[in-house]
Amino acid sequence: MPLSRRHLLLAGAGAGAALGLAAVPAAATGRPFGRYGSPAARPDDRFRYVDPHGRGDFTTVQAAVTAASGSGWTLVLAPGTYRETVAVGSARTDMTWIGAAEDPRATVVVYDNAAGTQKPDGSGTYGTSGSATTTVAADGFTARWITFANDWLRADHPGVPGTQAVAVKVQGDRSAFTHCRFLGHQDTLYADSRSLTAFARQYYAHCYIEGDVDFVFGRATAVYEHCHFRTLTRTDLTGAPYGFVFAPSTAGANPLGYLVTRSRVTSEAPDGYYKLARPWVPSSDPTALPMLTVRDTWLGPGIDAVAPYTNMSAAHPWQSMRFREYANSGPGAVVPVPENRPQLTPEEAAAHTRRRYLGDWRPYDHDDH
C-alpha cells in the first residue's frame, strides 16, 4: 500500500524533498541539540529546550510558549514531530524558535484542523484563521530550520465544505522566517497583520512553500527572497486551474504588499494548470487594494503564461489591482499577451526592493546567502 501524502509530507519525502536536504530521523537519539548544547548548559534564563521525547525543559511547543512570559525568549526545538496547535500571543515579543538539527525536515510542527472542522465543544467550526496549526500575533518573531504544516486532506473529508487549512498565520511586525518549510494545500501560509491599520513587515528567505489554492495570502507587507514555491497536483479536479499561488489582500492605505524576488515557482501539476495570483478583497475590508510584485524570479511551466492572473470576485477585477512583474524568466514568464502581464519599467523596479518594503528593519543583513 503506497504511503499517503500525510506520511510523505512529514517524512520530507514528498515535494518538500526538492530542498535537497538530508533527512534526519524524527526519533533522533543521543544529544539532540547540536551546537545548542544540552538542557544543563543553557546560556541564560530566557533560553529553553523543547523535546517531544522528554529530554528538554518541555515536551510541547505550546507549553514552552506559555511558560515564556514577557519578551526575548529563545526556544530550541529538538528533532521530532510536534502534533499540536501553537499560539504565540502579542505580549510574547521578540521570540525566536530554532530547529536544533539545522534541517527543517527534522523539526515539524503540524496539526490537521480545517475551516470546516467542528470544534470539540460543539460551538461551530474553526474558520480559516482558527484552522492554523501555528498562530503568531507577536512582533519580532523569528524562526529558523522548522517545518510548519497542516496535513488536513480533502480526500479524507469529502463532506467538509471549508477546505482552508492554514499551516501558519503570521500577524506580527518584524517577523522573519529563514530556511523554513510551509506545507499544506489550501491557504498554507497566511501572511497577515493584527488589524487593518497595522502594516506588519515580514521576511521569508530560503524557504519552501507548497500548496494549491491561494496558498500564500493575506495583507502583510511581506518579502519572499530566495524562496521555492511549489504547486501541487490534485485528484479532485479534472481541468485547469487547479489553484493560485498568491492571494494578497493588501489594505488600500498600505503602499506596499507582497514582493517576491530571486525565487522560483515549480509544479507537480500539468503545464499551465496554475494561476500566479488572484486578488482577495475580503468582506471585512472592501477597500482592499491587493498588491503583488514578482521580479527576477523563475516561473516554471505550471504557471499559465497566457493568463497568469484571474479574479476572485467579478466585483474586484485583477486589472484594477497592483499586480506587476519585472525581469522574470522561465516558460511560465513569457508574455504572449502583454495586457495580461503588467510589467514594471526599470525606473519603477528600482522602488520595489526588500529595503524599501522593510524600511529600517533589516533582517537580511546576517542571512544574505
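Residues numbered from 1 in each chain as written. Predicted model: local features only at pLDDT ≥ 70, side-chain atom pairs only at ≥ 80, totals over all residues. Heavy atoms only, no water.

### A short note on unusual backbone geometry
Part 1: The omega angle of the peptide bond from A240 to P241 is 0°, so this bond is cis rather than trans.
Part 2: Inspection of the secondary structure assignment puts P241 in the loop between β18 (228–231) and β19 (243–248).
Part 3: Phi is positive for E102, close to 55°, though the residue is something other than glycine.
Part 4: Summarising the element assignment, E102 is placed in the loop between β5 (96–99) and β6 (107–111).
Part 5: The phi dihedral of H226 is positive, around 55°, even though this residue is not glycine.
Part 6: Mapped onto the elements, H226 comes out in the loop between β17 (221–225) and β18.
Part 7: The class for H226 is partly exposed, based on a relative accessible area of 30%. (Helix = DSSP H or I, 4+ residues; strand = E, 2+ residues; numbered from the N terminus. Buried < 20%, exposed > 50% of the residue type's maximum accessible area, 1.4 Å probe, protein only.)

### A look at the side chain of S249
Part 1: Residue placement: S249 occurs in the loop between β19 and β20 (258–261).
Part 2: The class for S249 is buried, based on a relative accessible area of 3%.
Part 3: At a separation of 3.3 Å, a polar atom in the side chain of S249 contacts the main-chain amide nitrogen of R219.
Part 4: Sequence-distant contacts of S249, defined by excluding residues within four places in its chain, comprise G218, R219, W280, P282, A288 and P290. (Polar contact = N/O pair within 3.5 Å; in protein donor to acceptor, adjacent residues only side chain to side chain. Contact = heavy atoms within 4.5 Å.)

### Here's the deal with the sheet that holds strand β10 (residues 168–170)
Part 1: With parallel pairing, seven strands are arranged side by side in an open sheet as β4-β7-β10-β13-β16-β19-β22. Of all the strands in the sheet, just β4 (86–88) and β22 (274–277) have a single pairing partner and so form its edges. The sheet shows a mean angle of 15° between the axes of neighbouring strands, taken without regard to direction.
Part 2: In terms of strand pairing, strand β7 (residues 134–136) meets β10 through three bridges, oriented parallel. Note on β10: the bridge partner recorded for T134 is V168. (Pairing = 2+ DSSP bridges. Axes fitted to C-alpha atoms, helices over the stretch in contact; angles between N-to-C directions.)

### Re the confidence of the model for the protein
Part 1: Looking at the protein as a whole, the pLDDT averages 90, with 87% of positions reaching at least 70.
Part 2: Note on residues 37–41: pLDDT is under 50 here. Beyond four places in sequence and across chains, it has nine contacts. (pLDDT = per-residue confidence, 0-100.)

### Observations regarding the pairing of strand β14 (residues 201–205)
Part 1: Across the five residues of β14, five count as buried, placing the element largely inside the fold.
Part 2: Burial of the side chains of β14 extends over both faces: R201, Y203 and A205 are buried on one face and Q202 and Y204 on the other.
Part 3: Sheet topology places strand β11 (residues 175–178) next to β14; four bridges connect them, and they run parallel. Across the sheet, residue T178 finds its bridge partner in β14, namely A205.

### Brief notes about the sheet that holds strand β24 (residues 298–299)
Part 1: Strands sit in the order β3-β6-β9-β12-β15-β18-β21-β24 across an open sheet of eight strands; the sheet is parallel. A single partner strand is all that each edge strand has here, and the edge strands are β3 (80–83) and β24.

### What to know about the environment of Y126
Part 1: Turning to its location among the elements, Y126 is positioned in the loop between β6 and α3 (127–130).
Part 2: By relative accessible area, which is 24% here, Y126 ends up partly exposed.
Part 3: On a C-alpha basis, the gap between Y126 and N113 in space is 7.6 Å, while along the polypeptide they are 13 residues apart.
Part 4: Leave out the neighbours within four places in its chain, and Y126 touches N113, A114, A115, T117, Q118, K119, P120 and S131.

### Notes on the pattern of salt bridges
Part 1: Summed over the entire model, instances satisfying the criterion amount to 16 salt bridges.
Part 2: For D94, the salt bridge is made with R174, and the minimal N-O distance between the two is 3.2 Å. Placement of D94 in the loop between β4 and β5 and of R174 in the loop between β10 and β11 is noted, with a sequence separation of 80 residues between them.
Part 3: Judged by relative accessible area, which is 27%, R174 ranks as partly exposed.
Part 4: Between R201 and D360 there is a salt bridge, and its shortest N-O distance comes to 3.1 Å. (Salt bridge = Lys/Arg side-chain N within 4 Å of Asp/Glu carboxyl O.)

### Quick look at the environment of G72
Part 1: Within the element layout of this structure, G72 appears in the loop between α2 (61–67) and β2 (74–77).
Part 2: Residue class for G72 comes out partly exposed when judged on its relative accessible area of 36%.
Part 3: C-alpha separation for the pair G72 and D94, spaced 22 residues apart in sequence, amounts to 4.9 Å.
Part 4: Excluding its chain neighbours within four sequence positions, the residues that come into contact with G72 are R46, T93 and D94.

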